[in-house]
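# Structural overview for review
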Amino acid sequence: MNNETKIAVVVGAGISGASICFALKKRNIQTILIDSELGPARHASGNPIGVIYPFLTKHKLAESEFSLAAFQYFLSVWDEFHLKSFVPHVDGIYFLMDSEEAYDRYSNALKSHQIPTHVANEKLEPFSGLPAIFFPYGKSVSPVDLTKQILTISNPETKYSCKLLSWEELESDSKIICQTSVGEIQCDYLFLSQGFQFARDPRSNWLPLKKVRGQILKFPEQNPTNAHGILYGDYITSAINGYQVLGATFDEFKLEENPRPEESILLWEKLTSKLPKLSEKWGQQNPSLFPTRVSYRTQSQDRHPIAGKLPNISKLDLTVKYQNLLKVGKKHMEIPYYESVGILNGLGSRGLTHALYAAEILVSSIFEGQNITSESIFKSLKPDRFLLRMWKREQLT
Ligand SMILES: Cc1cc2nc3c(=O)[nH]c(=O)nc-3n(C[C@H](O)[C@H](O)[C@H](O)COP(=O)(O)OP(=O)(O)OC[C@H]3O[C@@H](n4cnc5c(N)ncnc54)[C@H](O)[C@@H]3O)c2cc1C
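Report on the accompanying structure. The structure presented is a predicted model; accordingly, all values stated were derived computationally and were not measured. (Residues numbered from 1 in each chain as written. Predicted model: local features only at pLDDT ≥ 70, side-chain atom pairs only at ≥ 80, totals over all residues.)

## Examining the sheet that holds strand β18 (residues 337-345)
Adjacent strands of a sheet form backbone hydrogen bonds with each other and so pair up, either parallel or antiparallel. Strands sit in the order β7-β2-β1-β11-β18-β17 across an open sheet of six strands; the sheet is mixed. Single-partner strands in this sheet number two, and they are β7 (157-159) and β17 (306-311). Taking the axes of each pair of neighbouring strands and ignoring which way they run, one obtains an average angle of 25° across the sheet. The sheet contact formed by strand β1 (residues 7-11) and strand β2 (residues 30-34) spans five bridges and is parallel. Following the sheet pairing, Ile-7 is matched in β2 by Gln-30. In the packing of helix α1 (residues 15-26) onto the sheet, contacts are made with β1, β2, β11 (189-192) and β18, and the angle to β1 comes to roughly 165°. Helix α8 (residues 351-367) contacts β11, β17 and β18 of the sheet and is inclined by roughly 30° relative to β17. (Pairing = 2+ DSSP bridges. Helix = DSSP H or I, 4+ residues; strand = E, 2+ residues; numbered from the N terminus. Axes fitted to C-alpha atoms, helices over the stretch in contact; angles between N-to-C directions. Contact = placed C-beta atoms within 7 Å.)

Here it is, written out as structure tokens:
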């Protein structure tokens, strides 16, 4: 290793950390990936099957533009790296428009975002007979295999069973010192993607992120069954390796790890009431006997991911009121950052679709100092948006 070699440490081997490694690999940055678990994709990214499709709003918003661009970026990586040969998946997602309101929102979304019909089109979903948006390249995928495959392409040095305990940026030579459960690691760049465990990091725990409990139900592939994933408030995936998944429940208040049998029953009842033509052929089933998995999403206050350079709030002069600064004529707030530290978190319930693009935006902003997307998307992702809001409301002290 020559003296010039710069090293990046990525914390968290979920889909976010894997996506950051991928963006670093594109730039030939030597990368060490650490995770406190024994291997990758053990938490939110560890479900047996998930769905990939973009989030759309009636009118163009930064959130929906980001989601659509992220979906297209995902598909470009999928094609370029032949992921279809390595990641178990089934193409095609129906998104039901099962009320007038939903129809108004989503059918107009196709027009306002000028989405070509090969990406999404209106179609009747055969089992419900309801109008739906069909994403031919949307997918049911194995999140674990997707994460592992992105890591195979990215090929970082991996350190599992290695927990980040603390870190600091040295002002003298801008190195970052990470204290981990297995010793110290020095690096030039640090990327944080700890999922819900972000709250243990005192330098990022001011971010308004929530840990949200979710439960899915895994059941044996039924015959006949849906060829494509269907979203109807909940979702049913296509069958992969002999199983299908029903997802997902949502609880931000009670977070116990034990599965709740009543949620399995509820998921099943919603399926049978929304898609009776599908489930009636399966005969009597006892959903409380099917395996479940509980995991935790990390959701930001505005439900949009957080991707950007990490603000250094210890350098903000919080004795000065935000409003007073504006009164003395400052139009823009100078935000101090940890210059070589990035964060990717808050991917909520769409991490599989969003992580690769969010990571590319994050890594390019730190390495090239430039924004590869529109200004509004870039700003909408930055952690700064919460800092300013919280400063205004005096919530940072
Ligand atoms: C029930 C459920 C269903 C979902 N379904 C879908 C779906 O169908 N489609 C979709 O797109 N998204 C879905 N999601 C969302 C998606 O799974 C998440 O957005 C995504 O997995 C988040 O990935 P992540 O890498 O940010 O977090 P995680 O996968 O949780 O990874 C964080 C990693 O950081 C590690 N870590 C934490 N702290 C430390 C530390 N101090 N040191 C070292 N390592 C550390 C953890 O061990 C973990 O491996 C679902 C989520 C849930 C909960």
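## Describing the packing of α1 against α8
Viewed as axis vectors pointing N to C, α1 and α8 meet at an angle of 40°, and their least axial separation amounts to 8 Å. Classified by the interaxial angle, the pair formed by α1 and α8 is oblique. Considering the relative orientation of α1 and α8, their crossing is right-handed. Here Ile-15, Ser-16, Ser-19, Ile-20, Phe-22, Ala-23 and Leu-24 of α1 lie close against α8, whose contacting residues are Gly-351, Leu-352, Ala-355, Leu-356, Ala-359, Glu-360, Leu-362 and Val-363. (Parallel < 35°, antiparallel > 145°, perpendicular 65-115°, else oblique. Left-handed = near helix turned anticlockwise from the far one by under 90°.)

## Some remarks on the sheet that holds strand β10 (residues 183-187)
Reading across the sheet, the three strands line up as β8-β9-β10 and stay open at both edges, with antiparallel pairing between neighbours. The open sheet terminates on both sides in strands that have one partner only, identified here as β8 (164-169) and β10. Between one strand and the next, the sheet's axes are offset by a mean angle of 20°, whatever the strand orientation. Bridge count between β8 and strand β9 (residues 176-180): five bridges; the pairing is antiparallel. Counterpart to Leu-164 in the pairing with β9 is Thr-180.

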